[in-house]
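Chain by chain, the residues run as shown.
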Amino acid sequence: MSYTLLEQINDPQDLRALPRRSLAALADELRAFLIESVSRTGGHLSAGLGTVELTIALHYVFNTPGDRLVWDVGHQSYPHKILTGRRDRFPTLRRQGGLSGFPKRDESPYDTFGVGHSSTSISAALGMAVAAQRAGIKREVVAVIGDGAMTAGMAFEALNNAGSLDADLLVVLNDNEMSISPNVGAFSSYLAKLLSSRLYNSVRQGADRTLKILPPIHELARRAEEHVKGMVTPGTLFEELGFTYYGPIDGHDLDALLATLENLKRISGPRLLHVITKKGKGYAPAEADPCVYHGVTAFDLGTGKMEKKPGGAPSYTQVFGDWLCEMAARDAQLVGITPAMREGSGMVAFSERFPAQYFDVGIAEQHALTFAAGLAAEGMRPVVAIYSTFLQRAYDQLVHDIAIQKLPVLLAVDRAGLVGADGATHQGSFDFSYLRCIPDLVIMAPKDENELRHMLYTGYRHDGPAVVRYPRGSGHGVALDAELRALPLGRGEVLRRGRETAILAFGSRVAAALAAGEVLDATVVNMRFVKPLDEALVQEIAERHQFLITVEENAVAGGAGSAVAECLAARGCQLPLALLGLPDHFVEQGDAAAQLAALGLDRDGIVRAAQALKQTHSLVPKNLAL
Ligand SMILES: Cc1ncc(C[n+]2csc(CCOP(=O)(O)OP(=O)(O)O)c2C)c(N)n1
Ligand SMILES: CC(=O)[C@@H](O)[C@H](O)COP(=O)(O)O
Ligand SMILES: [Mg+2]
């Protein structure tokens with residue numbers, strides 16, 4: 001396909017110079033470019049296909065970047081990136097040093113707010129609107145939020161605040177009835193009711209008439225009158241929150257979008273425009289299965305077939321999903337909870353086989369944990385599957401609702417460590433650090449997928465809160481024991497006895513440590529538990545070796561190695577110590593294996609660190625050694 005129009009757009013100014021009649025053709029080109037480009041690089045596809053017309057209309061009507069456009073999550077922002085001067089960089093999408101998969105403030109002035117996690121857009125946009133008001137600047141601030149992202153408490157907190165502040169804020173609710181999988185919950189049903197209402201039908205049938213002939217002020221007056229008369233219009237929920245509600249309108253109808261946005265631009269105060277879009281729009285395989293095409297690897301344009309991931313070993317995620325089914329079959333008290341990540345967390349089979357024990361609570365990590373706490377308080381055995389990065393959202397719920405009450409909730413923390421293409425917003429870099437300070441929490445990290453099963457079982461049987469954290473991607477292809485067994489709490493295992501140097505390894509770094517141990521003839525320990533830490537083993541190892549190294553796929557700051565250092569200090573053990581882990585800066589997107597190597601966390605990096613430690617301390621007089 002040729003991109004005659006698209007190639008003229010290097011900035012939204014160029015877009016705004018186009019005649020309206022060209023915009024539909026531009027939308028076709030933009031969509032085709034998006035599909036072609038993502039078919040080569042992989043990335044988030046179906047959400048962006050649904051926002052093509054909306055993106056064009058927003059940049060056409062609003063004077064971006066002076067007017068602020070704030071995307072929620074940001075996985076739907078590829079059309080926005082293409083139209084804002086980054087088309088040529090699409091071959092680098094989500095690669096090391098390339099274009100980010102999410103809006104990023106340092107990438108473009110059009111990316112007004114950095115995202116990756118959901119449901120932040122209304123809060124951020126409200127902040128911007130209030131700041132503009134205070135500074136006496138007249139600007140439009142527009143938040144674009146999906147129906148999935150709207151299920152989060154944070155979105156409602158922002159609506160609640162915005163409605164009372166009377167700020168000039170436009171919220172565009174992009175409703176495609178999908179989160180990653182079909183959207184869930186009562187709010188989603190409410191939106192579906194709006195969609196099937198007479199209002200939508202009449203607006204659809206007479207979009208031009210309604211929106212072009214009626215000046216906005218009349219439309220507003222009509223709504224105010226309805227409101228006063230108590231006529232229950234479906235927009236009332238938003239109106240009760242202080243927003244003027246418009247819609248629903250067809251988010252692929254450029255004429256309707258442009259006319260409506262122009263009208264809304266002339267009105268002040270909090271406004272909400274409800275647009276209906278189709279996730280995957282314009283690419284048949286993605287329309288047929290928007291969930292599969294939510295995030296894709298490279299694929300064949302003609303067939304839609306995705307490239308197979310290399311390696312035959314099952315992923316940790318799959319092993320977790322299978323374990324969950326196995327336990328649920330044994331124990332009717334088990335409930336599995338996901339905050340809107342059924343596919344990513346390996347819970348599809350569980351949801352189908354055990355629907356009565358399965359809960360998708362929406363994008364609501366905080367609620368997921370407190371909901372689990374309530375279930376546990378009544379004797380159920382909840383398992384919450386959650387990504388490390390999204391657990392950050394629910395910290396107080398973990399401390400206040402689960403840990404203090406010692407409730408038996410098992411957290412299966414996936415995507416712990418580096419995740420690759422999603423970059424800094426999604427790295428699971430911090431969970432050891434933020435978890436290990438919580439009293440009584442049991443924290444485990446498996447060396448392989450077989451140990452994952454035993455750890456999950458151990459955590460499930462433990463009469464208190466427990467966490468098992470494991471990485472994104474494939475396991476090692478080891479055989480899985482048929483029998484599940486509970487591991488002794490707080491006990492590590494010595495995998496290899498060597499001389500001089502000992503490596504205490506945690507979770508995903510055990511294999512690299514073992515390989516380094518072979519090169520160095522070092523002792524290697526699979527520590528298994530970050531909490532309770534095997535302090536006796538740490539002391540014994542410290543006493544028998546001259547050099548100690550810890551290695552983990554977590555920030556060094558406050559991580560598992562820090563726990564070892566604290567233990568050594570408390571027990572009066574002094575020996576040269578190197579803590580290997582993630583650095584004190586945000587790790588951007590890239591190939592996770594390459595990044596681990598670059599950060600010195602693969603075999604060679606550990607060998608180098610051991611040699612450097614020895615070198616440094618052989619140069620220091622013994623009484624000054626650390
Ligand atoms: C806090 C948080 N939890 C989970 C996710 C994972 N996630 C990314 S997109 C998405 C679905 C978003 O649905 P919606 O807002 O409706 O956008 P759509 O993809 O339908 O356009 C989810 C659950 C996330 N990014 N942030
Ligand atoms: C945008 C978002 O948050 C998710 O789509 C995320 O990218 C999924 O990551 P995984 O591919 O690791 O499941
Ligand atoms: Mg959606």
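For the structure, see preceding data.
Overview of the structure. As the structure is a prediction and not an experimental result, all values here were calculated from the model. (Residues numbered from 1 in each chain as written. Chains lettered and ligands numbered in written order. Predicted model: local features only at pLDDT ≥ 70, side-chain atom pairs only at ≥ 80, totals over all residues. Heavy atoms only, no water.)

Focus: the site of ligand 1
- Taken together, 22 residues lie near ligand 1, and His75, Gly148, Met178, Lys279 and Glu365 sit nearest.
- Histidine 75 has a polar side-chain atom sitting 2.7 Å from an oxygen atom of ligand 1.
- In this structure, an oxygen atom belonging to ligand 1 sits 2.9 Å away from a side-chain N or O atom of asparagine 176.
- Against a free-state accessible area of 590 Å², the protein chains account for coverage of 97% of ligand 1.
- In terms of residue class, the shell around ligand 1 is built from 9 nonpolar, 9 polar and 4 charged. (Near = heavy atom within 4 Å. Polar contact = N/O pair within 3.5 Å; in protein donor to acceptor, adjacent residues only side chain to side chain. Areas by Shrake-Rupley, 256 points an atom, 1.4 Å probe, with all protein chains shown as cover. Nonpolar A, V, L, I, M, F, W, Y, C, P; charged D, E, K, R; others polar.)

Some words on the layout of surface pockets
- Quantified by volume, the second largest pocket comes out at close to 370 Å³.
- Along the walls of the second largest pocket sit 23 residues, with Gly114, Val115, Gly116, Ala424 and Thr425 positioned nearest its centre. (1 Å grid on protein atoms, 1.4 Å probe; cavity = no way out; pocket = protein on both sides within 12 Å on 5 of 7 lines; lining within 4 Å. Points joined across faces, edges and corners; volume = space filled by probe spheres on them.)

Considering the packing of aromatic side chains
- In this structure the tally under the stated criterion is 22 aromatic pairs.
- When the ring of tyrosine 316 is compared with that of tyrosine 470, the centres are 6.4 Å apart and the planes differ by 20°; the resulting orientation is stacked. In this pair, tyrosine 316 is assigned in helix α15 (residues 316-330) and tyrosine 470 in the loop between β13 (466-469) and β14 (493-496), connecting sequence segments 154 residues apart. For the pair shown, tyrosine 316 and tyrosine 470 are each scored as buried.
- Here the aromatic cluster, defined as three or more aromatic residues joined through ring pairs, consists of Phe156, Phe187, Tyr190, Phe238 and Tyr245. (Phe/Tyr/Trp six-rings, centres within 6.5 Å; stacked < 30°, edge-to-face > 60°. Helix = DSSP H or I, 4+ residues; strand = E, 2+ residues; numbered from the N terminus. Buried < 20%, exposed > 50% of the residue type's maximum accessible area, 1.4 Å probe, protein only.)

Brief notes about the site of ligand 2
- Surrounding ligand 2, one finds His44, Val73, Phe102, Gly116, Ile180, His294, Tyr387, Phe390, Arg415, Asp422, His426 and Arg472.
- Tyrosine 387 has a polar side-chain atom sitting 2.6 Å from an oxygen atom of ligand 2.
- Computed on the free molecule, ligand 2 has an accessible area of 360 Å², of which 84% lies beneath the protein chains in the complex.
- Taken together, the residues of the shell around ligand 2 sort by class into 5 nonpolar, 4 polar and 3 charged.

Structural notes on the sheet that holds β14
- In spatial order, the strands read β14-β16-β15-β18-β19; together these 5 strands make up an open sheet with mixed pairing. Edge strands, defined here as strands with exactly one partner in the open sheet, are β14 and β19 (577-582). Neighbouring strand axes in the sheet, compared pairwise and without regard to direction, differ in orientation by 25° on average.
- Where β14 meets strand β16 (residues 523-526), 3 bridges bridge the pair, whose relative direction is antiparallel. Residue pairing for β16: glutamate 493 is matched across the bridge by asparagine 526.
- Where helix α24 (residues 560-570) meets the sheet, it contacts β15 (501-505), β18 (547-555) and β19, and its direction lies at approximately 145° from that of β18. (Pairing = 2+ DSSP bridges. Axes fitted to C-alpha atoms, helices over the stretch in contact; angles between N-to-C directions. Contact = heavy atoms within 4.5 Å.)

Examining the side chain of threonine 51
- Turning to its location among the elements, threonine 51 is positioned in the loop between α3 (46-50) and α4 (52-61).
- With a relative accessible area of 0%, threonine 51 lands in the buried category.
- If sequence neighbours within four positions are ignored, threonine 51 has contacts with Gln76, Pro79 and Asn174.

Considering the sheet that holds strand β9 (residues 358-360)
- An order of β9-β8-β10-β11-β13-β12-β17 is seen for the 7 strands of this open sheet, with the pairing classed as mixed. Two strands lie at the open edges of the sheet, namely β9 and β17 (529-531), each paired on one side alone. In this sheet, adjacent strand axes meet at a mean angle of 20° when their direction is disregarded.
- As defined by bridge partners, strand β8 (residues 334-338) adjoins β9 across 3 bridges and the pair is classed as parallel.

The quantities given are spatial measurements derived from coordinates; they are silent on function.
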